[in-house]
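In case you want the letters, here they are:
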Amino acid sequence: MSDGQLLYLILWLIYLSDCFQWIRFGTVMLVNPWSRQWQVQRSVLTLQSHRGRLAMVNPFPPLGRFILPEILPLSISPRGIASVSMQTLERGISPVKTANILGFEEIISLEFKDSWLVINESRFCRFADPGVGRQVIELLERIKALPEDQREEPIREFWANRLDIEKLDHELTGAWQEIADLQILSNLLFVITFVAAPVAAQFFGASPLIVPVAILMFLMAYIITGAFFRCHRKLFPDNRWDRWEQAFKMVMCPPMAIRSADLLMRLVGRSHDAMAVISLVMKHSRGKQLLQRIIRDLHHPMSPAVDDDRLETIGQWQNQVILDVASEKIPEFADLIPEALETPEKQADECKLYCPRCRTQFVVERDTCPDCVGVMLKPLMADIDSDKIHDGCAR
């Protein structure tokens with residue numbers, strides 16, 4: 001392998017590494033590939049752990065868009081707060097075994113530090129987006145000063161803001177307009193680096209082109225970095241540290257500038273709930289199915305492996321508020337609830353029970369679903385349409 005080929009291999013590896021995004025559990029990645037509709041991005045093979053999973057985003061060419069909406073990482077009710085949410089977007093993931101639970105009378109100090117909500121000088125829970133963390137602190141400061149019977153209204157206002165479709169639509173439209181110009185520059189650098197330069201090397205040789213191509217790559221990287229910095233400052237003015245950190249990386253390593261738009265898209269829409277984002281961008285049948293899955297999870301959450309009844313009380317109260325507010329703020333959401341919760345048709349004559357959360361059907365008698373911890377099984381209807389029977393019961 002020649003020196004030129006080795007150099008391009010290194011550049012390709014740097015570029016490909018930037019095509020991967022880490023998706024934390026509790027986060028759903030929605031991807032809009034070039035000239036296609038929005039869809040849920042799955043993990044790459046088995047590259048996942050108990051903390052999250054790895055996914056590749058639009059590598060060739062670096063076009064398209066993605067959003068990383070997440071569920072709120074804590075539970076809030078008028079009685080107190082818990083450091084975990086009873087929501088989960090995953091099936092078969094064991095619920096948390098530890099949780100911090102506090103009544104509002106126990107809260108002395110609130111602080112947001114290094115992505116962590118710090119209560120009484122101890123780390124409480126971590127946020128993927130600092131903006132959401134600051135919003136939560138403002139909410140907690142506000143309701144902490146109120147008596148318990150007056151705390152429900154500000155909590156509902158908080159969720160109404162997270163589920164505000166019109167506000168989200170305005171935010172996404174503005175973000176895509178800002179990012180579009182940056183994507184043009186990034187794709188120009190992609191073409192120069194991985195298309196034009198290798199083709200020119202076939203005619204003129206690699207050695208005479210190394211210096212000119214390097215100069216052009218660094219020049220383009222400086223231009224892209226400047227555009228990225230301006231877009232980031234306009235869209236996320238409070239996230240100063242991330243802005244400077246990413247800009248420094250792109251200046252020092254030009255191939256990283258090709259994925260500069262990704263560095264902005266991973267922050268877009270983070271202040272809104274996953275249900276709002278899904279209902280806005282996924283208007284096809286898959287979006288409806290995903291919303292119904294979330295509805296079932298809210299109605300039938302997995303039981304936390306925490307020996308404290310307060311967690312279940314706080315979490316279930318929050319789940320009900322989310323459903324109530326979503327029914328008001330998201331068009332046609334209320335109509336999805338009965339359909340999502342209705343008893344499914346039998347998949348075979350011998351099926352007796354089903355899980356109301358994951359919809360798996362069972363032949364054997366048992367109390368709870370093996371995948372959805374603590375979720376009680378329900379009986380299936382006796383009447384079935386024989387034309388729709390097919391083998392598919394869990395045993």
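Refer to the structure above for everything that follows.
Residues numbered from 1 in each chain as written. Predicted model: local features only at pLDDT ≥ 70, side-chain atom pairs only at ≥ 80, totals over all residues. Heavy atoms only, no water.

Draft legend 1. Inspection of a nonpolar patch on the surface at higher detail. Together, Val191, Val195, Val199, Phe203 and Phe204 give the surface a local cluster of nonpolar side chains, amounting to about 520 Å² of exposed area. Along the chain, valine 191 turns up in helix 4 (residues 165–204). According to the relative accessible area criterion, valine 191 is partly exposed, its value standing at 38%. (Patch = residues over 30% accessible without salt bridge, like charges linked within 9 Å, V, L, I, M, F, W, Y side chains within 5 Å. Areas by Shrake-Rupley, 256 points an atom, 1.4 Å probe, with all protein chains shown as cover. Salt bridge = Lys/Arg side-chain N within 4 Å of Asp/Glu carboxyl O. Helix = DSSP H or I, 4+ residues; strand = E, 2+ residues; numbered from the N terminus. Buried < 20%, exposed > 50% of the residue type's maximum accessible area, 1.4 Å probe, protein only.)

Draft legend 2. Examining the nonpolar core more closely. In this structure, Ile76, Leu117, Val136 and Met275 are the most contacted members of the largest nonpolar core, which totals 92 residues. When residues of this core are assigned to their parent elements, the largest contribution, 12 residues, is made by helix 4. Residues within four places of leucine 117 in sequence aside, it is in contact with Leu74, Leu110, Glu111, Phe112, Ser122, Arg123, Phe124, Cys125, Phe127, Val136, Ile137 and Leu140. With 9 residues, the next largest nonpolar core counts Met302, Cys355, Phe362 and Val375 among its residues. (Core = buried A, V, L, I, M, F, W, Y, C linked by side-chain atoms within 4.5 Å. Contact = heavy atoms within 4.5 Å.)

Draft legend 3. Molecular detail of the pairing of strand 11 (residues 122–126). Judged from the 4 bridges that link them, strand 10 (residues 116–119) and strand 11 form a sheet pairing that is antiparallel. Across the sheet, the residue bridging to isoleucine 119 is serine 122, located in strand 11. Remark: 2 residues form the turn of the hairpin made by strand 10 and strand 11, two consecutive strands paired antiparallel; asparagine 120 in that turn has positive phi of roughly 55°. (Pairing = 2+ DSSP bridges.)

Draft legend 4. Representation of the pattern of salt bridges within the structure. Summed over the entire model, instances satisfying the criterion amount to 11 salt bridges. Two residues, arginine 310 and glutamate 106, come together in a salt bridge whose shortest N-O distance is 3.7 Å. Within this pair, whereas arginine 310 is found in helix 10 (residues 309–329), its partner glutamate 106 is found in the loop between strand 8 (101–103) and strand 9 (110–113), the two being separated by 204 residues in sequence. Judged by relative accessible area, arginine 310 falls into the partly exposed class, the value being 35%. The closest approach of N and O atoms between glutamate 245 and lysine 249, which form a salt bridge, is 3.5 Å.

Draft legend 5. Focus on the environment of glycine 287. Along the chain, glycine 287 falls in helix 9 (residues 285–299). Judged by relative accessible area, glycine 287 falls into the buried class, the value being 0%. Taking the C-alpha atoms as reference, glycine 287 lies 30 Å from threonine 313; in sequence the two are 26 residues apart. Ignoring any residue separated from it by four or fewer positions in sequence, one finds glycine 287 in contact with Ile278 and Met282.

Draft legend 6. Geometry of the side chain of arginine 162. Mapped onto the secondary structure, arginine 162 falls in helix 3 (residues 152–162). Accessibility expressed as a relative area gives 1% for arginine 162, which makes it buried. Here arginine 162 is in contact with Glu70, Ile71, Leu72, Val132, Arg270, Ser271, His272, Asp273 and Ala276, once residues within four sequence places are set aside.

Draft legend 7. Structural context of unusual backbone geometry. Backbone geometry at aspartate 114 places phi at a positive 50°, although glycine is not the residue there. Relative to the helices and strands, aspartate 114 is located in the loop between strand 9 and strand 10. On the accessibility criterion, aspartate 114 (58% relative accessible area) is exposed. Positioned with a positive phi, glutamate 332 is a non-glycine residue whose angle comes to about 65°. You can see glutamate 332 is positioned in the loop between helix 10 and helix 11 (333–341).

Draft legend 8. The arrangement of helix 8 (residues 274–281) in detail. When you tally the buried positions in helix 8, you get 8 out of 8 residues, the bulk of the element. Sitting at the head of helix 8, aspartate 273 places a side-chain oxygen 3.0 Å from the backbone nitrogen of methionine 275. (Polar contact = N/O pair within 3.5 Å; in protein donor to acceptor, adjacent residues only side chain to side chain.)

Draft legend 9. Representation of the sheet that holds strand 6 (residues 75–77). The strand order 6-7-8 describes an open sheet built from 3 strands, whose pairing is antiparallel. Each edge of the sheet is formed by a strand with only one pairing partner; in this case those strands are strand 6 and strand 8. The sheet shows a mean angle of 10° between the axes of neighbouring strands, direction not considered. Where strand 7 (residues 80–82) lies against strand 8, 3 bridges are found, and the strand directions are antiparallel. Bridge pairing in strand 8 places isoleucine 81 opposite leucine 102. (Axes fitted to C-alpha atoms, helices over the stretch in contact; angles between N-to-C directions.)

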